[in-house]
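This is what each chain is made of:
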Amino acid sequence: MAAHAYIKLVPASKQKAVTLEEVKQLFQYYQDMMKKTGEQLGWAYQQAAFPYQLIETDEGKGKWFYLKGDGHRYRTIIVGVGSNNGETEESFIQITLPNGATHGDKGKANEFCKFLAKKLEGELHLFNGRIMYYYKR
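Residues numbered from 1 in each chain as written. Predicted model: local features only at pLDDT ≥ 70, side-chain atom pairs only at ≥ 80, totals over all residues. Heavy atoms only, no water.

**Student:** What exactly am I supposed to notice about helix α3 (residues 103–120) here?
**Tutor:** Think of an α-helix as 3.6 residues a turn; residues three or four steps apart then line up on the same face. Compared with the 26 Å implied by 1.5 Å per residue over 18 residues, the 26 Å span of α3 between its first and last C-alpha is a close match. Among all positions in α3, only Asp 105, Lys 108, Ala 109, Phe 112, Cys 113, Phe 115, Leu 116, Ala 117 and Leu 120 are buried. Backbone nitrogen of Gly 104 and a side-chain oxygen of the N-cap are separated by 3.3 Å at the start of α3; the cap is Thr 102. Looking one or two places after α3, you find Glu 121, whose phi comes out positive at around 50 degrees. (Helix = DSSP H or I, 4+ residues; strand = E, 2+ residues; numbered from the N terminus. Expected span 1.5 Å × (residues − 1). Buried < 20%, exposed > 50% of the residue type's maximum accessible area, 1.4 Å probe, protein only. Polar contact = N/O pair within 3.5 Å; in protein donor to acceptor, adjacent residues only side chain to side chain.)

**Student:** Sorry, what's going on with the environment of Gln 47 here?
**Tutor:** As for its position among the elements, Gln 47 is in helix α2 (residues 45–49). Note: C-alpha distance between Gln 47 and Lys 24 (23 residues apart in sequence) is 17 Å.

**Student:** Where do I start with the sheet that holds strand β6 (residues 123–125) in this structure?
**Tutor:** Two pairing modes exist for strands in a sheet, parallel and antiparallel, and in both the strands are linked by backbone hydrogen bonds. In spatial order, the strands read β2-β3-β4-β5-β1-β6-β7; together these seven strands make up an open sheet with antiparallel pairing. In this open sheet, the two edge strands, each paired with only one partner strand, are β2 (53–55) and β7 (131–133). Across the sheet, the axes of successive neighbouring strands diverge by a mean angle of 20 degrees, strand direction being ignored. As paired strands, β2 and strand β3 (residues 64–68) are joined by three bridges and run antiparallel to one another. Its bridge partner being in β3, Leu 54 is matched across the sheet by Leu 67. Strand contacts of α3: β1 (3–8), β3, β4 (76–85), β5 (89–97), β6 and β7, with the helix running at about 160 degrees to β5, the strand carrying the most contacts. (Pairing = 2+ DSSP bridges. Axes fitted to C-alpha atoms, helices over the stretch in contact; angles between N-to-C directions. Contact = heavy atoms within 4.5 Å.)

This is the structure in C-alpha cells:
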C-alpha cells in the first residue's frame, strides 16, 4: 500500500502557495548543496545524497513528477502539489512512496520532506502520522 507525507503551507509559512516549478527549483538547490558538500569532502557525495533522476510526464505536467532511482536500492518517489479548498486555501506538497518502494526510498523521502518543510517553513505530516512544525508558533 502506498504511503503519503505532506508539507502543508500554513498562514505562518514563508509563502502561501507553492508551484511544481518551485519544488523542482528546491530540489535543484538541494542537489547543488550536496555537490558543494562533496567538493569539500573530496568525493562524489551528490550521487549518494540524491540518487534519483527527476522525471516529469505529460499526464502529470504541472501537478506531479517522480524521482526515479537506480532500481535496486532506490526505486521511485512521487512528488506533487495541490491545495485544499476549505475555509482557508491551504497549499501542500505531497510526497508518495508507491507500492514496491524500498527502505532507501523511505529514508530519502523523509530527508527530502524535512528539507522542503524547513525551506518553506511549513507543517510536515510524516509517513508515520507524526507532525513536525517548521514555522514560528
